[in-house]
Amino acid sequence: NKMKILKYLLIFSAVALTLGCSGNDPDPEPDPGPEPPKPSGDVELSLDRSVIHANGEDAAEFIVIVNGEQVTEGVTIYNAQTNEPLSGLTFTTTETGTYSFWASYEASNSARVTLTAIAFPVPELPADPNPDGRAFVRKVLLTQFTGTGCGWCPGMITIMGQMLDEEDYASKVELAAAHNFNSDDPCYLSQRLDQAMGVSSFPYVVADMYMGFNNYNSLIGLKRVVDDSYARSEALAGICAKAELNDNTLVVHVGVKAGETRDFRVGAWLLEDGIYGKQSNYTGLQGDFDTHNNVIRMADSKVSSVDYSGYALGQIEAGKTGEHVFVIEMDEKWVKSACRLLLFVTTDETEQKLVVNNVVSCPLDGEVEYAYE
């Protein structure tokens, strides 16, 4: 049995936000427009909210920090698409879409920030069933790297199914399948999670973006990976969420409650079940290998091409909550009734390695509460 420790580079954000937004493109710039003056580094611009309801009333407030101090006088906010100035330090709109802004103060300019305006209110987080609780149920994120052209993948599919038939293991994990092997696969994921996680052979399983496993003949070995990953750490954070689907726009409001004070990141992967694709099979194993479940349709957690560890929430104090809002545009080809979300948190548990610490499943148009021990 071969185990491989996968190393990740943690990319630190210059400004840590406790409320953020993301979409299908982690760095959305729908219409960059004219180039603004280059950021000077002296001015930092952020928003108190990065998703608003496009009803002309819901407003986001701009926050401008200069040399560590918030300033409100002498500041001008510009629409980055037009470089035209806004009046005041708040923004409202009646038009849905993604907007970008930059700020000017004296002779200095900020980097851009982005806001998304949606056609309905941001869903509210579910109530915390145990406001004083800090001991959360923990699950392991298993990412199974596969593809319809991978002839040995039915071996890993078989032992994965055998393991998950046992309640003791099924209750400890959430499974996601990354079809990165062949581009003519109907489940093909163009986001190269395999490259990001250092996967060079198929089939392969990665637990918590940390521990790798490739022996598709060893059920015992696969179970050991889950056992070792589960025992590696207690749940350092809990996750709650409310998801709402309006036409093809999916908005997911996620809350992350810290069990202990530390920096966290959050990610959302959209999964689909029941996709048909003829599976190559060199193993001689029998089974329905042509129906593919837990297929990752979109991984909204990209930091860089080699880092899908999620969006920075900054430091969250023990017992406190950080929030993030995901805005995902659903592809018409995806069967909504067969889709769900996996929401995960990452943190640098040891030696500055950013790993998944907890993960939950959430319905596409529903909610999940914090799960306590």
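All values reported here derive from a predicted model rather than from experimental measurement. (Residues numbered from 1 in each chain as written. Predicted model: local features only at pLDDT ≥ 70, side-chain atom pairs only at ≥ 80, totals over all residues. Heavy atoms only, no water.)

Let us now look at the state of the cysteines. Under the criterion given, the structure shown has one disulfide. Here cysteine 150 engages in a disulfide with cysteine 153; their sulfurs sit 2.1 Å apart. Measuring handedness by torsion sign, the sulfur bridge of cysteine 150 and cysteine 153 sits at about 90° and is right-handed. The exposure class of cysteine 150 is buried, given its relative accessible area of 3%. Its relative accessible area of 0% is what places cysteine 153 among the buried residues. The closest cysteine sulfur to the non-disulfide-bonded cysteine 240 is located on cysteine 362, 9.4 Å from its own sulfur. In this structure cysteine 240 comes out as buried when scored by relative accessible area, which is 1%. (Disulfide = S-S within 2.5 Å. Buried < 20%, exposed > 50% of the residue type's maximum accessible area, 1.4 Å probe, protein only.)

Moving on to helix H1 (residues 153-164). Compared with the 16 Å implied by 1.5 Å per residue over 12 residues, the 17 Å span of H1 between its first and last C-alpha is a close match. Those residues of H1 that are buried lie in contact with strand E13 (140-146), helix H2 (167-170), strand E14 (173-179), strand E15 (204-207), strand E16 (211-213) and helix H4 (219-232). (Helix = DSSP H or I, 4+ residues; strand = E, 2+ residues; numbered from the N terminus. Expected span 1.5 Å × (residues − 1). Contact = heavy atoms within 4.5 Å.)

Residues Leu250, Val252, Val254, Val256, Leu270, Leu341 and Leu343 are the most contacted members of the largest nonpolar core, which totals 30 residues. Among the elements of the structure, strand E17 (237-246), strand E18 (249-258), strand E19 (262-272), strand E23 (311-316), strand E24 (321-329), strand E25 (339-350) and strand E26 (353-363) are those that each provide at least two residues to this core. In terms of residue count, E18 provides more of this core than any other element does, five residues in total. Discounting residues that sit within four places of it in the chain, leucine 341 has contacts with Ala243, Leu250, Val252, Trp269, Leu270, Ile328, Val360, Ser361, Cys362, Pro363 and Leu364. Grouped together as the second largest cluster of nonpolar side chains are 24 residues, Leu141, Cys150, Ala176 and Phe202 included. (Core = buried A, V, L, I, M, F, W, Y, C linked by side-chain atoms within 4.5 Å.)

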